[in-house]
Amino acid sequence: MAVLLTPGKINLFLDVTSRRADGYHDIETLFLPIPSLSDRIELSPSTGPGLSLECASVGVPCDERNLAWRAAEAYFRLAGQPLPSLHIRIDKNLPVAGGMGGGSSDAAAVLRLLNQQHGLLSDADLRGIALAIGADVPFFLDPRPACATGVGEELRPIAKSGKLFLVFAFSAFPIPAAWAYKNRMGHLRGAPRPLSGMLAALAEGDGEAVAAHVFNGLAPAIRHKFPLLERVRRDLIAGGCLAAEVSGSGPTVFGIAPDAAAAEACRAVLIQTGWPTSMTVTAEV
Ligand code: ATP
């Protein structure tokens, strides 16, 4: 049996730079892994032939539509090996279709575990499979704070990142990423402050400056369509956060608090309003 805890992510910065001929979008983004919010992936021999998958969470398919299943199939296909008898168990902590990259993280975890066990593929092979499964999957092969361009696959880990105190507010409804990309044009916001400013602020561990650079080009359309998310964003700020924004394509909203006590106090305020929340401190690198 092999087990891996695989984290979620937020995009502290997400600028959609162009639409590509293949329908995907070029982006400039800053990924931050959130290890305190992780799915648990377990691989074990299956009782029957081929693949099986179990996951108790609502909205997660347990067949070939699951990104973790597709990762396992692609791994053995590229290695030129028959599918072994393999059972994948997924215990989800990450919100489903929540903008924290849960499915992508699960897929990358399966690739990592299989290559630890079998060692059949190179890192470049794994990156190729990951990208074919989804734009966020390559980041989760080695989840550490990183800038990314292309569709999110041209990754540059960042040299230094101080602690951030984050508060999360979760919502139960899913927002398909494709919807967010398609509808963003009607709600364009001014140009973001340059990513270099965010990187300098992060290196200093200056939460206030990081907060001033938070940007998500998908967020205006999402908040317009789901006013509840604008309300929770305001609640996070009223609760003491320096900034709050939708993570990726939502609906998870994160807030940046000035310190651990403020993050805890903000979390308590949100819990009183009935909002499911969690607090985390991101690690320094
Ligand atoms: P991103 O931030 O990359 O847009 P997300 O966190 O918003 O991703 P996911 O949790 O990856 O979204 O789920 C998107 C959809 O993918 C779900 O609605 C679900 O049907 C499907 N899916 C496939 N595999 C998984 C998985 N392992 N975990 C969760 N959802 C999965």
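No experiment lies behind these values; they were computed from the predicted model shown.

Now for helix H6 (residues 195-204). Residues of H6 that are buried: Leu195, Met198, Ala201 and Leu202. In a view along the axis of H6, the buried residues occupy a sector of 120°, so they form one face of it. Exposed residues on H6 whose side chains face more than 90 degrees from its buried face are Ser196 and Glu204. Its buried side turned inward, H6 meets strand E1 (2-19), strand E2 (25-45), strand E5 (146-149) and helix H7 (207-213). A positive phi of about 65° marks glycine 205, the residue just after H6.

Moving on: the site of the ligand. As a matter of local geometry, the ligand sits amid 23 residues, with Ala97, Gly99, Gly101, Gly103 and Asp136 nearest to it. Between the ligand and glycine 98, the relevant distance is 3.3 Å, taken from an oxygen atom to a main-chain nitrogen or oxygen of the residue. Mapping the ligand onto the cavity grids shows that it belongs to the largest pocket. Examining the composition of the shell around the ligand, we find that four residues originate from one element, helix H2 (residues 102-118), more than from any other. Looking at the shell around the ligand residue by residue, the class counts come to nine nonpolar, nine polar and five charged.

On to the packing of aromatic side chains, then. Throughout the structure, instances matching the rule amount to seven aromatic pairs. Through a chain of ring-to-ring contacts, three or more aromatic side chains come together here, namely Phe31, Phe139 and Phe140.

This paragraph deals with the domain arrangement of the protein. On domain assignment, one finds that the protein holds domain 1 (2-155) and domain 2 (159-284). Taken over C-alpha atoms, the centre of domain 1 sits 23 Å from the centre of domain 2. Taken together, the contact pairs 24 residues of domain 1 with 33 residues of domain 2. For the pair domain 1 and domain 2, the summed buried surface comes to about 2200 Å²; carbon and sulfur atoms form 70% of the total. Considering only the surface of domain 1 that becomes buried against domain 2, Leu12, Phe13 and Leu14 emerge as the three largest contributors, covering 27% of it. Seen at the junction of domain 1 and domain 2, the total is zero salt bridges.

Relative to each other, helix H1 (residues 67-79) and H2 sit at 35°, their axes nearing to 7 Å. Read as a crossing pair, H1 and H2 show a hand that is right-handed. Contacts from Leu67, Ala68, Ala71, Ala72, Tyr75 and Phe76 of H1 reach H2 at Gly103, Ser104, Asp106, Ala107, Val110, Leu111, Leu114, Asn115 and His118. Across the contact of H1 with H2, the residue classes tally to ten nonpolar, four polar and one charged.

Spatially, the four strands line up as an open sheet ordered E9-E10-E7-E11, and their pairing is antiparallel. Unpaired on one side and paired on the other, strand E9 (243-246) and strand E11 (277-281) mark the two borders of the sheet. Sheet twist, expressed as the average angle between the axes of neighbouring strands with direction ignored, equals 20°. Pairing of strand E7 (residues 165-169) with strand E10 (residues 253-257), which is carried by five bridges, proceeds in the antiparallel orientation. If you follow phenylalanine 165 over to E10, its bridge partner there is alanine 257. Strands in contact with helix H9 (residues 227-238) are E7, E9 and E10; relative to E10, the strand with the most contacts, it is inclined by about 15°. Contacting E7, E10 and E11, helix H10 (residues 260-272) crosses the sheet at an angle of about 170° to E11.

Analysis parameters
- Residues numbered from 1 in each chain as written.
- Predicted model: local features only at pLDDT ≥ 70, side-chain atom pairs only at ≥ 80, totals over all residues.
- Heavy atoms only, no water.
- Buried < 20%, exposed > 50% of the residue type's maximum accessible area, 1.4 Å probe, protein only.
- Helix = DSSP H or I, 4+ residues; strand = E, 2+ residues; numbered from the N terminus.
- Arc of directions from axis to C-beta.
- Contact = heavy atoms within 4.5 Å.
- Near = heavy atom within 4 Å.
- Polar contact = N/O pair within 3.5 Å; in protein donor to acceptor, adjacent residues only side chain to side chain.
- 1 Å grid on protein atoms, 1.4 Å probe; cavity = no way out; pocket = protein on both sides within 12 Å on 5 of 7 lines; lining within 4 Å.
- Sits in = over half its atoms within 2 Å of the grid points.
- Nonpolar A, V, L, I, M, F, W, Y, C, P; charged D, E, K, R; others polar.
- Phe/Tyr/Trp six-rings, centres within 6.5 Å; stacked < 30°, edge-to-face > 60°.
- Domains from an automatic or database assignment.
- Buried area = accessible area lost by both parts, 1.4 Å probe.
- Salt bridge = Lys/Arg side-chain N within 4 Å of Asp/Glu carboxyl O.
- Axes fitted to C-alpha atoms, helices over the stretch in contact; angles between N-to-C directions.
- Left-handed = near helix turned anticlockwise from the far one by under 90°.
- Pairing = 2+ DSSP bridges.

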